[in-house]
Amino acid sequence: IGIEMPTFASPSVELSSYRDRRFKGSAGELQRLLRTSSTLYVGNLSFYTTEEQIYELFSKCGDFKNVIMGLDKIEKTPCGFCFVEYHSRSDAENAMRYINGTRLHDRIIRTDWDAGFVEGRQYGRGKTGGQVRDEYRTYFDEGRPRRDERYQR
Amino acid sequence: MSRRRPHEEEDGYDRAYRKRRRVSENQEIEDRLESLILRVGEKSTSSLESNLEGLASVLEADLASFRSKILRILTDCAIKMPEKCTIYTTLVGLLNAKNYNFGGEFVEYMVRNLKDSLKACKWNAARYSLRFLADLVNCHVISAGSLLQLLDNMVDAAKEDGVPQVRKDWYVFAVLSTLPWVGRELYEKKEQSLEHLLVSIEVFLGKRSKKHHAALRVWALDTPHPQEEYLDCLWAQIRKLRQDNWAEKHIPRPYLAFDSILCEALQHNLPTILPPPHHDSYQYPMPHVVFRMFDYTDCPEGPILPGAHSIERFLIEEHLHQIIEMHHLERKDCAAHLLNFPYKSKIPLDYSIVEVIFAELFHMPSPRYLEIVYGSILIELCKLQPSTMPQVLAQATEILFIRIDTMNTACFDRFVNWFAYHLSNFQFRWSWEDWDSCLQLDPEHPRPKFVREVLLKALRLSYHQRIKEMMPEPFESLIPAKPEPKFKYAAEGAGSLPGTTHAHKLVVSIRAKCKPEEVLHVLKDLPNSRHDDDADSRFNPLKIDVFVQTLLNLGSKSFSHSFAAISKFHYVFKELADSEEAQICILRNMFELWNDHQQMMCVLIDKMLKTQIIECSAVANWIFSKEMSGEFTKLYLWEILHLTIRKMSKHVSRLGRELAEARERLRHAESDSDESEDGDGEGNNNSSKHGISGVGDDHEKPSEDMVDRMEERLEAAQADQKNLFLIIFQRFIMILSEHLVRCDTDGRDFNTHWYKWTIGRLQQVFLVHHEQVQKYSSTLETLLFTQDLDPHILEVFHQFTSLRA
């Protein structure tokens, strides 16, 4: 169908290909939750991005219940992601439309649907405590320094 | 411009697009037809004319089997793709030439669409239908005479008595906006009737009230660009078009290539169409002011920006607004489509786009979409056109800054928000030195205030050190304070404060994870400076002081810490502060601790409202209290007021919705024995939760009793809402009257910066919340905005009422 026709299902709001492998339930259930969720995962944050900055940016799309900062499992310090729980799905959709792919703290941040926060999911799943993606990264990222990089002078 | 979002105007037809496809040959053919029709006019290897010719033949062949589907698709295209109007009218014209009956059916279908849209208050759809019908005259499908009759009937609505002016305005606007398409044809075929129509319109325009104009202007002055009332502007543009003998060069007219075929066709006469009579429930679009910030002198060498009164300007702007309407859900597509504007070589496109986007951002009373929609589209535009767009945007910012002294307060706020957000996406790079002359001005002057407020917003999106480093030295006085708590009980001189010992004891207890009751115990013997004469004998200001400041300081690490603290000791808050006075005391103490961190105060107040520690009325009274007069013109304080009003409005709306739903289910249950449609999802039995659709028990039919109780709750909430508005407006009146009287006595000019900000804030409350305030208009008029009030203040109220008059 021609792109001129405004439709409800717009690409910005669609599910990405990521699926949480630790989700307890069937793939269908996960899909259903993702399609109705009003919780967003926010990634590629700097370790120094604060809850306050998240609040300021994400409130531009609506009110939310909660922000849960992602923490290093060992250090309990921010490790570059968070969850934003909006009250309504349509507000979360607007965040997907207008915040995903824009900058916070000079970094392009990514938002994605999340099935819903569950205790424990605020921790990085990498072996060293942070996010898995940081363990495979080969380049230096000033905003997401690995533990050994932090002590480099 | 209608405030309604486009998907509210759909008739549900495009839901059918997404239904699971039944595998059948017929379905495949239908889909192919649909695709062909939708795509006509897009980039193609063949010419538009040959595509239209080919498509017309294909459709003619399929009319027998797919008549109704084709009718619906074409009608839908007419309304949903107004910028392709002339393409589809040509197609209909060709079909009519081949099949007179089909032409007649289409006209009937379109007429029904127009009537339905008018009855359903779908104003844009109605206007596009009308325009389509008008253009069909150019394609020899409809007779000029019958169209003129329709236009006359529409303009007759302007002669009705006892109807809102906005109704008459809309009908005249709809008629005027068809004339660029069909003016020439009407002039050639029915010159006298056309003249007569125009005279009727002119008479109406001369008589209409324009009180609303002042409320909807972005700038108070008309230099360098007048901000015209929208109907006045369009009328001037049409008059100029008439002067040019209706020679209009902008609209593409594919039907001209088919003239020989089309003029052989038989025309249809429109049936009599009368505007549906006014009904009190009808909501008409509000008037607006045409936003102009550029003229041709602002643009560099190249294609010229059409003049303010040229019809081209109207058509281009309307088209750009339509693109935004169509694509606002996909910001990248939106930017791409804007830059792909079909006639971009004829105009300085970047300037037109920027002007149109700011027009929407600054639209009064409120922008059509969220502010971030415009901010993010501008960012995409800069990405797609990095060599020109950023410069145009910088030029626009400069222009807006230069003219900021006369910008209305609501737009000032939006400009601040937008600029800080935009800079945050471009490493906060800006040539601040260019603006250093603003440092010589009174700090309350809009220019230095703008810089200060932008930096405060930028601070929220980054951090203090960054802001300090990015500003040139002279701007030091405008840099915000470091957003830290000021805990007096651990500061120098704490020893002499009456609450210090208890504060320290409290810190120890809370850190030891004590229970709320323990807190009350620690505070127990703090003296009460107040006499136990009045109602709230529990109110002990010192207890509140020690508790609030100590607790919030302990939670100062982050918002989450503060929220956890409030949650854990919610009971103590409720015990200590029952009356409004006590609640205001909480706010005062929060302010004492956190006044350097505006964002923290906003979120804390939001949380305390949500958890019902404080009432909306307490916040309102606190904002207007003498203690806060030093903060009165700061943006964050109004952020707090508006979030408070919004919370109340949301609460009332939700209760109203729940009541309506419950009544509906009750009616279903009572009317027949059949089961009504089952509710889906789990029953949510806590209707005070912030749910997506807070609904009572889904599985039970509501009892009369339940509905009664919901009604009571709604009435109570509405009373609270009314009370809140009364408090706010009364305080405004008091504070403004005081100022005016004092200036009068002292022989001073009243028009100080403070006065301008304050009256701007009053205006902003009316406009931002106009839908809610409207409900209480007559009470406000009777109790507060009476004739004996100072005319300056009364004027603001009258401008507000004129918006829907």
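Everything quoted here is computed from the prediction, not taken from an experiment.

### So, the overall build of chain A
- Of the regular secondary structure elements, chain A holds 5 helices and 6 strands.
- Taken from N to C terminus, the helices and strands of chain A fall in the order α-β-α-β-β-α-β-β-β-α-α.
- Computed over its C-alpha atoms, the radius of gyration of chain A comes to 16 Å, within 12% of the 15 Å expected for a compact globule of 153 residues.
- In terms of overall dimensions, chain A has C-alpha extents of about 55 × 35 × 30 Å along its principal axes.
- Sorting the 153 residues of chain A into buried and exposed places 56% on the buried side.

### So, the interface of chain B and chain A
- If you look at the interface, chain B gives 49 residues, while chain A gives 37 residues.
- Together, the buried faces of chain B and chain A total about 4,100 Å²; carbon and sulfur atoms form 53% of this surface.
- The three residues of chain B that bury the most area against chain A are B:Leu329, B:Arg331 and B:Leu461, which together make up 14% of that side's buried surface.
- Counting every contact that joins chain B to chain A gives 4 salt bridges.
- One salt bridge connects A:Asp106 with B:Arg466, and the closest N-O pair in it is separated by 3.0 Å.
- Its residues placed into classes, the side of chain B that touches chain A shows 15 nonpolar, 15 polar and 19 charged.

### A closer look at the domain arrangement of chain B
- For chain B, the assigned domains are domain 1 (22-262), domain 2 (306-408) and domain 3 (488-614).
- Each of domain 2 of chain B and domain 3 of chain B has a C-alpha centre, and these two points are 48 Å apart.

### Some points on a positive patch on the surface
- A cluster of like positive charges, contributed by A:Arg22, A:Lys24, A:Lys73 and A:Lys76, occupies part of the molecular surface.
- Within the element layout of this structure, A:Arg22 appears in the segment before helix 1 (27-36).

### Here we look at the confidence of the model for chain B
Residue and element names in this part refer to chain B.
- When pLDDT is averaged along chain B, the result is 91, and 93% of the positions lie at 70 or above.
- Across residues 7-14 the pLDDT falls below 50, and counting only partners more than four positions away or on other chains, this stretch makes 22 contacts in the model.
- Note that pLDDT drops below 50 for residues 676-697; the model gives that stretch 32 contacts with residues more than four away or on any other chain.
- Across the whole predicted complex the pTM is 0.90, and at the interface the ipTM reaches 0.91.

### Here we look at the pattern of salt bridges
- For the coordinates displayed, the defined rule picks out 54 salt bridges over all chains.
- A salt bridge links B:Lys634 to B:Glu631, with the nearest nitrogen and oxygen atoms 3.0 Å apart.
- Relative accessible area serves as the criterion here: at 11%, B:Glu631 is assigned to the buried category.
- By sharing partners, the salt bridges in this structure join A:Asp20, A:Asp114, A:Arg121 and A:Arg125 into a single network.

### Remarks on the nonpolar core
- Judged by nonpolar contacts, the single largest core of 197 residues is most densely connected at A:Phe58, B:Phe358, B:Trp432, B:Phe547, B:Trp622 and B:Phe785.
- Contacts of B:Phe358, omitting those with residues within four sequence positions, involve B:Phe291, B:Met293, B:Leu378, B:Leu393, B:Ala396, B:Leu400 and B:Trp418.
- Core analysis: the second largest hydrophobic core is formed by 91 residues, B:Leu38, B:Ala134, B:Leu179 and B:Tyr230 among them.

### Remarks on the state of the cysteines
Residues and elements named next belong to chain B.
- Scanning the model with the defined rule gives 0 disulfides over all chains in all.
- Among the cysteines around cysteine 233, which has no disulfide bond, cysteine 299 carries the closest sulfur, lying 17 Å off.
- Lacking any disulfide linkage, cysteine 382 is separated from the closest cysteine sulfur, that of cysteine 334, by 14 Å.

### Looking at the sheet that holds strand 6 (residues 110-114) of chain A
Residue and element names in this part refer to chain A.
- Taken in spatial order, the 4 strands make up an open sheet running 2-3-1-6, and their pairing is antiparallel. The sheet is open, and its two edges are formed by strand 2 (64-71) and strand 6, each paired on a single side. For this sheet the average axis-to-axis angle between neighbouring strands, irrespective of direction, equals 25 degrees.
- Here strand 2 pairs with strand 3 (residues 78-86) via 6 bridges, running antiparallel.

### Brief notes about unusual backbone geometry
All names here are of chain B.
- Of note, the bond from threonine 223 into proline 224 is cis; its omega dihedral lies within 30 degrees of zero at -10 degrees.
- The residue after methionine 364, namely proline 365, is reached through a cis peptide bond having omega 5 degrees.
- Within the fold, proline 365 resides in the loop between helix 16 (349-361) and helix 17 (371-384).
- Phi is positive for histidine 140, close to 60 degrees, though the residue is something other than glycine.
- The topology assignment puts histidine 140 in the loop between helix 6 (123-138) and helix 7 (144-156).
- Overall, the relative accessible area of 13% leaves histidine 140 in the buried class.
- Positioned with a positive phi, glutamine 427 is a non-glycine residue whose angle comes to about 50 degrees.
- The class of glutamine 427 is partly exposed, set by a relative accessible area of 36%.

### Focus: the packing of aromatic side chains
Residue and element names in this part refer to chain B.
- All chains considered together, the criterion is met by 57 aromatic pairs over all chains.
- Between the aromatic rings of phenylalanine 419 and tryptophan 435, the centroid separation amounts to 6.0 Å while the plane-to-plane angle is 45 degrees, which identifies the pairing as tilted. Residue phenylalanine 419 is located in helix 19 (residues 409-424), and its partner tryptophan 435 is located in the loop between helix 19 and helix 20 (446-461); the two are separated by 16 residues in the primary sequence.
- Judged by its relative accessible area of 1%, phenylalanine 419 is buried.
- Judged by relative accessible area, which is 2%, tryptophan 435 ranks as buried.
- Between tryptophan 432 and tryptophan 435 the ring centres are 6.0 Å apart and the planes differ by 85 degrees, which places this aromatic pair in the edge-to-face class. Pair check on accessibility: tryptophan 432 and tryptophan 435 agree, each one buried.

Basis of the calculations
- Residues numbered from 1 in each chain as written.
- Chains lettered and ligands numbered in written order.
- Predicted model: local features only at pLDDT ≥ 70, side-chain atom pairs only at ≥ 80, totals over all residues.
- Heavy atoms only, no water.
- Helix = DSSP H or I, 4+ residues; strand = E, 2+ residues; numbered from the N terminus.
- Rg over C-alpha atoms; globule rule 2.2 N^0.38 Å.
- Buried < 20%, exposed > 50% of the residue type's maximum accessible area, 1.4 Å probe, protein only.
- Contact = heavy atoms within 4.5 Å.
- Buried area = accessible area lost by both parts, 1.4 Å probe.
- Salt bridge = Lys/Arg side-chain N within 4 Å of Asp/Glu carboxyl O.
- Nonpolar A, V, L, I, M, F, W, Y, C, P; charged D, E, K, R; others polar.
- Domains from an automatic or database assignment.
- Patch = residues over 30% accessible without salt bridge, like charges linked within 9 Å, V, L, I, M, F, W, Y side chains within 5 Å.
- Areas by Shrake-Rupley, 256 points an atom, 1.4 Å probe, with all protein chains shown as cover.
- Lys, Arg positive; Asp, Glu negative; His and termini not counted.
- Charge placed at Lys NZ, Arg CZ, Asp CG, Glu CD.
- pLDDT = per-residue confidence, 0-100.
- Core = buried A, V, L, I, M, F, W, Y, C linked by side-chain atoms within 4.5 Å.
- Disulfide = S-S within 2.5 Å.
- Pairing = 2+ DSSP bridges.
- Axes fitted to C-alpha atoms, helices over the stretch in contact; angles between N-to-C directions.
- Phe/Tyr/Trp six-rings, centres within 6.5 Å; stacked < 30°, edge-to-face > 60°.

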